[in-house]
Amino acid sequence: MIKKVGIVGAGQMGNGIAHAFALHDYSVVLYDIAQTQLNKALKIIEENLKRQAKKNVIEESRIESTLKNIKPTTNLNDVSDVDFCIEASPENEALKLELFAKLDSIVKEGSIIASNTSSISITKLAFQTKRPDKVIGMHFMNPVPVMELVEVIRGITTSEETYSTILELAKSLGKNPALSKDYPGFIVNRILIPMINEAIYAYYEGIASIEDIDKAMKLGTNQPMGPLVLADFIGLDTCLAVQNVLYEGFKDSKYRPCPLLVKMVEAGYLGRKSGRGFYDYTKK
């Protein structure tokens, strides 16, 4: 039975995952290499809990109890005794492969190790461990406290028991799981990221302005936000990383990343998190 959860990475996704588990009374060990990132994560979680209380999504008393469920740490060995561990590190394959090998040597035998990856092979990650049957993808959507969907990705070696356990775990968080086979991009990003890439091409080729592309897709297809503002929200570096995984994974030119996307990432224009992407966030 899963009671204690380890979350590796306290960035945008990691703090949201910690929020979800702690709110549902799981004991959470939140790891990050940087104490400043942990401090930032706890502040964000508290602010989001207050926002939920203000909207009457949760009772105000749940704020303090939820925060008490989270133990921040810069020592990776603190996840050794968790019943379930999920990594939420940047979308970098080499980093994740190295991290999975390390987690396998730290996390107690029998515990499931999951990845929040949005595109990288679960089977390849599982191969880095001595427990490939207990490795699975659990891809939360951003922002985690709000979004209902969790993609559950079965690697070739993932056991039926592990899969069933994660389905129930997702449901215990009030999430609605969708099963995907282990192919590049899974379901959501296989469809979403090429759409964003195509919107970038439309701007790159001078078809329309940034604002008009977003307006057209928002009002014309009833999306809550246009593809370019969404790219800024996701992070252009993440969009490029996923697009490259699709391109390398399928060897199909239709997945080639737009040159403008590449140049923007090279320039450090990563979207909201850097203050500038397709839009300028420094003035807001």
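Residues numbered from 1 in each chain as written. Predicted model: local features only at pLDDT ≥ 70, side-chain atom pairs only at ≥ 80, totals over all residues. Heavy atoms only, no water.

- The name that an unreviewed UniProt entry assigns to the protein is 3-hydroxybutyryl-CoA dehydrogenase, with the source organism given as Desulfurella amilsii.

## As for the sheet that holds strand S4 (residues 84–87)
Phase 1: Within the open sheet, the 8 strands sit side by side as S3-S2-S1-S4-S5-S6-S7-S8. Their pairing is mixed. Among the strands making up the open sheet, the edge pair consists of strand S3 (70–73) and strand S8 (176–181). Ignoring strand direction, the axes of neighbouring strands in this sheet form an average angle of 25°.
Phase 2: Note that strand S7 (residues 149–154) and S8 share 6 bridges and pair parallel. Counted as the bridge partner of Val 152 is Leu 179 from S8.
Phase 3: Helix H2 (residues 35–54) contacts strand S2 (27–31) and S3 of the sheet and is inclined by roughly 160° relative to S3.
Phase 4: Strand contacts of helix H4 (residues 93–106): strand S1 (4–8), S4, strand S5 (112–115) and strand S6 (135–140), with the helix running at about 165° to S5, the strand carrying the most contacts. (Pairing = 2+ DSSP bridges. Helix = DSSP H or I, 4+ residues; strand = E, 2+ residues; numbered from the N terminus. Axes fitted to C-alpha atoms, helices over the stretch in contact; angles between N-to-C directions. Contact = heavy atoms within 4.5 Å.)

## Brief notes about the domain arrangement of the protein
Phase 1: What the domain assignment lists for the protein is domain 1 (4–181) and domain 2 (189–273).
Phase 2: Just the C-alpha atoms count here: the centres of domain 1 and domain 2 sit 26 Å apart.
Phase 3: Tallying the contact residues gives 8 residues for domain 1 and 6 residues for domain 2.
Phase 4: Carbon and sulfur atoms supply 56% of the area that domain 1 and domain 2 bury against each other, a total of about 550 Å² over both sides. (Domains from an automatic or database assignment. Buried area = accessible area lost by both parts, 1.4 Å probe.)

## Thoughts on the environment of Lys 3
Phase 1: As for its position among the elements, Lys 3 is in the segment before S1.
Phase 2: Classification of Lys 3 as exposed rests on a relative accessible area of 56%.
Phase 3: Sequence spacing of Lys 3 and Asp 83 is 80 residues, and the spatial spacing of their C-alpha atoms is 6.5 Å.
Phase 4: With residues near it in sequence (within four places) discarded, Lys 3 still touches Tyr 26, Ser 27 and Asp 83. (Buried < 20%, exposed > 50% of the residue type's maximum accessible area, 1.4 Å probe, protein only.)

## Considerations on unusual backbone geometry
Phase 1: Looking along the chain, the bond that leaves Asn 142 and enters Pro 143 is cis, with omega of 0°.
Phase 2: Mapped onto the elements of the fold, Pro 143 is located in the loop between S6 and S7.
Phase 3: Non-glycine residue Asp 25 carries a positive phi angle of around 65°.
Phase 4: Within the element layout of this structure, Asp 25 appears in the loop between helix H1 (12–23) and S2.
Phase 5: On the accessibility criterion, Asp 25 (55% relative accessible area) is exposed.

## Thoughts on the UniProt feature "domain: 3-hydroxyacyl-CoA dehydrogenase NAD binding" (unreviewed entry) in the protein
Phase 1: In the numbering used here, UniProt assigns the "domain: 3-hydroxyacyl-CoA dehydrogenase NAD binding" (unreviewed entry) feature to residues 4–182.
Phase 2: Taken end to end, residues 4–182 has its terminal C-alpha atoms 27 Å apart, with 40% of it in helix and 22% in strand. (UniProt positions renumbered as here; feature names shortened; annotations may be inferred.)

## A short note on H1
Phase 1: Here H1 contains 12 residues, and its C-alpha end-to-end distance of 17 Å stays within 8% of the 16 Å for a straight helix at 1.5 Å per residue.
Phase 2: Counted residue by residue, H1 has 11 buried out of 12 residues, so it is predominantly covered.
Phase 3: Among the residues trailing H1, Asp 25 stands out with phi positive, at a value near 65°. (Expected span 1.5 Å × (residues − 1).)

## Considerations on the packing of aromatic side chains
Phase 1: Applying the stated criterion across every chain, the model contains 6 aromatic pairs.
Phase 2: Each ring, one from Phe 21 and one from Tyr 26, has its centre 5.3 Å from the other, and the planes form 80°; the classification is edge-to-face.
Phase 3: Classification of Phe 21 by relative accessible area gives buried; the value is 0%.
Phase 4: Residue class for Tyr 26 comes out buried when judged on its relative accessible area of 12%.
Phase 5: Relative to Phe 84, the ring of Phe 21 lies with its centre 6.0 Å away and its plane at 40°, an arrangement referred to as tilted. One end of the pair, Phe 21, is in helix H1; the other, Phe 84, is in strand S4, and 63 residues separate them in sequence.
Phase 6: Connected via pairs of aromatic rings, a cluster forms that spans Phe 21, Tyr 26, Phe 84 and Phe 140. (Phe/Tyr/Trp six-rings, centres within 6.5 Å; stacked < 30°, edge-to-face > 60°.)

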